[in-house]
Amino acid sequence: MADKEISALLGRVALADRDAFASLYRQTSPKLFGICLRILKDRGEAEEALQEVYVKIWYRADRFLAGEAAPMSWLAAIARNQAIDRLRARKPVANAIDEAYDLADPALDPERSAMIRSEGRRIEACLEELEADRAEAVRRAYVEGLSYQELAEIFAVPLNTMRTWLRRSLLKLRECMER
């Protein structure tokens, strides 16, 4: 299926078009199921993950920006992330206390902890070099996970202006971190 067709279907799904959603499912589910199955290695769990993927697509279709990513890549990323989330949610099974005893301490070693704190301080120092609203936009985008559209609404600027703010701010942060 061509990218243009998938983009068009996603646009219609964003408008809550059930026929478009059904068509999108018929044409993309084999590939997305394959992704889920490859990651989860369990057919039943992959089927459940696929169902959750399409629920997310239904509710998030309005977030797809045709010029930013290929539509199939966008759908595949949702499937991959959902499958990985399910994989991470699996609880490790310990059959005996001896098996559990040998598990490594999940805490970071002191050296790694110190490096992470130091890196965090460097990032904060670099963020202080940005204009206050730009630094806040970067934090909200990359820490809180807000979308460009949500940020544009919060800061009362056009969508493309918000994209420019973030792109330029990230370039300045990269320059600062390389010093």
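Before any of the text, the structure's been laid out above.
The rules we used
- Residues numbered from 1 in each chain as written.
- Predicted model: local features only at pLDDT ≥ 70, side-chain atom pairs only at ≥ 80, totals over all residues.
- Heavy atoms only, no water.
- Core = buried A, V, L, I, M, F, W, Y, C linked by side-chain atoms within 4.5 Å.
- Buried < 20%, exposed > 50% of the residue type's maximum accessible area, 1.4 Å probe, protein only.
- Helix = DSSP H or I, 4+ residues; strand = E, 2+ residues; numbered from the N terminus.
- 1 Å grid on protein atoms, 1.4 Å probe; cavity = no way out; pocket = protein on both sides within 12 Å on 5 of 7 lines; lining within 4 Å.
- Points joined across faces, edges and corners; volume = space filled by probe spheres on them.
- Nonpolar A, V, L, I, M, F, W, Y, C, P; charged D, E, K, R; others polar.
- Expected span 1.5 Å × (residues − 1).
- Contact = heavy atoms within 4.5 Å.
- Salt bridge = Lys/Arg side-chain N within 4 Å of Asp/Glu carboxyl O.

K.L.:
What is the right way to read the nonpolar core from this model?
P.N.:
In summary, soluble globular proteins display a tendency toward joint burial of nonpolar side chains. Formed by 28 residues in total, the largest nonpolar core has its most connected members in Leu10, Leu24, Leu32, Val53, Ile57 and Leu75. Sorting the residues of this core by element identifies α1 (3-14), α2 (18-40), α3 (43-60) and α4 (71-89) as the ones contributing at least two each. The greatest single-element share of this core, amounting to nine residues, is contributed by α2. Listed in part, the 16 residues of the second largest apolar core include Ala141, Ala152, Met162 and Trp165.

K.L.:
Explanation requested: the layout of surface pockets in the structure shown.
P.N.:
The gaps left among the atoms become clear once a water-sized probe is rolled over them. Space inside the largest pocket adds up to approximately 660 Å³. Around the largest pocket, the lining is made up of 23 residues, and of these Arg63, Leu65, Trp74, Ser147 and Tyr148 lie nearest the centre. Broken down by secondary-structure element, the contributors of at least two residues to the lining of the largest pocket are α4, α7 (132-142), α8 (148-155) and α9 (159-178). By volume, the second largest pocket is sized at about 210 Å³. As for the second largest pocket, its lining consists of Gly120, Ile123, Glu124, Cys126, Leu127, Val138, Arg139, Tyr142, Val143, Leu170, Leu173 and Met177. When contributions to the lining of the second largest pocket are tallied by element, the ones reaching two or more residues are α6 (110-128), α7 and α9. Partitioning the lining of the second largest pocket into residue classes produces nine nonpolar, one polar and two charged.

K.L.:
Please clarify how α3 should be interpreted in this entry.
P.N.:
Each α-helix winds once per 3.6 residues, and so residues spaced three or four apart point in a common direction. With 18 residues, α3 should reach 26 Å at 1.5 Å per residue; the first-to-last C-alpha distance of 25 Å fits that figure. For α3, the full list of buried residues reads Glu45, Ala46, Ala49, Leu50, Val53, Tyr54 and Ile57. Of the surrounding elements, those touching the buried residues of α3 are α1, α2 and α4.

K.L.:
I would appreciate a short explanation of the pattern of salt bridges in the present structure.
P.N.:
Close approach of charged atoms allows side chains with opposite charge to pair. Taken as a whole and judged by the stated rule, the model has 12 salt bridges. Residue Arg43 is joined to Glu47 by a salt bridge in which the shortest nitrogen-to-oxygen separation is 3.6 Å. Placement of the pair is Arg43 and Glu47 together in helix α3, with a separation of four residues, close to one helical turn. Here Glu47 falls in the partly exposed class, since its relative accessible area comes to 43%. Among the salt bridges present, the one from Glu45 reaches Arg86, with a minimum N-O distance of 3.8 Å. Remark: Arg86 occurs in helix α4 and Glu45 occurs in helix α3; sequence separation between them is 41 residues. By relative accessible area, Glu45 is classed as buried at 16%. Connected through shared salt-bridge partners, Glu45, Glu48, Glu52 and Arg86 make up one network.

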